[in-house]
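Given next are the chains, with one letter for each unit.
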Amino acid sequence: MKAATFFSFLSVSILTLTSLSTVHAQIGKSKRTDLHLNLNVDKINGAEMIESLASRRSEFNKTSSKSGFSLSQMPKAEYIFDHSNTVNFTFDGLDFSICNNKVIAIKGFQLSDEVLSQITEKLVYLDKAQFLFSEKANYALLNGESNAAELKTIERRFFSSLKILTTTLKDISSITRKNDNSALVAANLAKLPMPNIDMPENTSNTQSLVQRTK
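To start, this report covers the structure provided alongside it. The shown structure was predicted, so the numbers you read here are calculated from the model rather than taken from an experiment. (Residues numbered from 1 in each chain as written. Predicted model: local features only at pLDDT ≥ 70, side-chain atom pairs only at ≥ 80, totals over all residues. Heavy atoms only, no water.)

Some details on the packing of aromatic side chains
And then number 1: Under the criterion given, the structure shown has 4 aromatic pairs.
And then number 2: Plain terms: the ring middles of Tyr79 and Phe131 are 3.9 Å apart, the flat faces sit at 10° to each other, and that makes the pair stacked. Of this pair, Tyr79 sits in the loop between helix H2 (46–67) and strand E2 (87–91) while Phe131 sits in helix H3 (residues 113–143), and the two are 52 residues apart along the sequence.
And then number 3: Here Phe131 falls in the buried class, since its relative accessible area comes to 10%.
And then number 4: Between Phe158 and Phe159, the ring centres sit 5.2 Å apart and the planes meet at 65°, which makes this aromatic pair edge-to-face.
And then number 5: For Phe158, a relative accessible area of 2% translates into the label buried.
And then number 6: In this structure an aromatic cluster arises from ring pairing among Phe81, Phe89 and Phe96. (Phe/Tyr/Trp six-rings, centres within 6.5 Å; stacked < 30°, edge-to-face > 60°. Helix = DSSP H or I, 4+ residues; strand = E, 2+ residues; numbered from the N terminus. Buried < 20%, exposed > 50% of the residue type's maximum accessible area, 1.4 Å probe, protein only.)

Focus on the pattern of salt bridges
And then number 1: Going through the model one piece at a time under the given rule, you end up with 2 salt bridges.
And then number 2: Glu78 is the partner of Arg56 in a salt bridge, and the nearest nitrogen-oxygen pair spans 2.9 Å. Of this pair, Arg56 sits in helix H2 while Glu78 is found in the loop between H2 and E2, placing the two residues 22 residues apart along the sequence.
And then number 3: Among the ionic pairs, Asp92 bridges to Arg177, the shortest N-O distance being 3.8 Å. Taken together, the positions of Asp92 in the loop between E2 and strand E3 (94–99) and Arg177 in helix H4 (residues 148–178) put the pair 85 residues apart, joining distant regions of the chain.
And then number 4: A relative accessible area of 43% places Asp92 in the partly exposed class. (Salt bridge = Lys/Arg side-chain N within 4 Å of Asp/Glu carboxyl O.)

Details of the environment of Glu48
And then number 1: Residue placement: Glu48 occurs in helix H2.
And then number 2: Each C-alpha atom, one on Glu48 and one on Phe91, is 9.0 Å from the other, the two residues being 43 residues apart in sequence.

Quick look at the sheet that holds E3
And then number 1: Pairing is mixed in the open sheet, where 4 strands are placed in the order E1-E2-E3-E4. Either end of the sheet is taken by a strand with one partner, and the two such strands are strand E1 (42–45) and strand E4 (102–106). Each strand of the sheet is rotated relative to its neighbour by a mean of 30°, with strand direction disregarded.
And then number 2: Across 5 bridges, the pairing between E2 and E3 is antiparallel. Across the sheet, residue Asn88 finds its bridge partner in E3, namely Ser97. (Pairing = 2+ DSSP bridges. Axes fitted to C-alpha atoms, helices over the stretch in contact; angles between N-to-C directions.)

The structure is reproduced here in structure tokens:
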């Protein structure tokens with residue numbers, strides 16, 4: 001009788017321990033999964049990032065004009081849309097899903113690949129322009145190859161690229177806010193003109209600057 005009671009108690013204990021281990025493993029797995037997702041979902045406030053790029057360059061210019069430029073303070077050229085993983089880029093209440101320099105979706109709208117490609121072309125063009133103008137300005141300062149007037153022209157085009165990018169994003173937001181019909185939104189988005197700004201040359205000199213400042 002005692003032996004039967006002992007074995008019964010032992011079986012219940014083993015079953016209980018096994019169940020607790022299973023629950024613990026599931027909880028651990030859930031935590032790891034959540035952590036993994038949090039680490040791989042990037043959210044970018046578009047307006048804040050564009051403003052940050054402009055203000056850093058503006059502040060650097062003010063400091064440099066007073067006491068000369070410092071290499072450590074030189075604003076690094078940065079891409080806005082060049083991400084290998086999918087990011088959520090928000091601007092004026094609109095959510096863009098972007099991956100590998102492509103707009104793959106706009107939340108709330110069913111847009112064809114062709115329309116998304118047209119949006120991508122405009123945004124990425126301006127992003128590349130602001131990046132190259134920023135890099136070109138840094139290179140000119142480092143190597144003393146531009147006079148003050150030329151440097152101001154480069155920087156003016158950098159700021160202009162960011163301004164046109166902001167305007168383009170606002171246009172996209174305005175079009176989507178005014179229409180609930182995805183087909184009409186797609187038609188109006190397709191009518192947006194290409195940005196009117198000359199792309200700077202991506203020379204081997206600026207390529208080497210990227211390597212030296214990393």
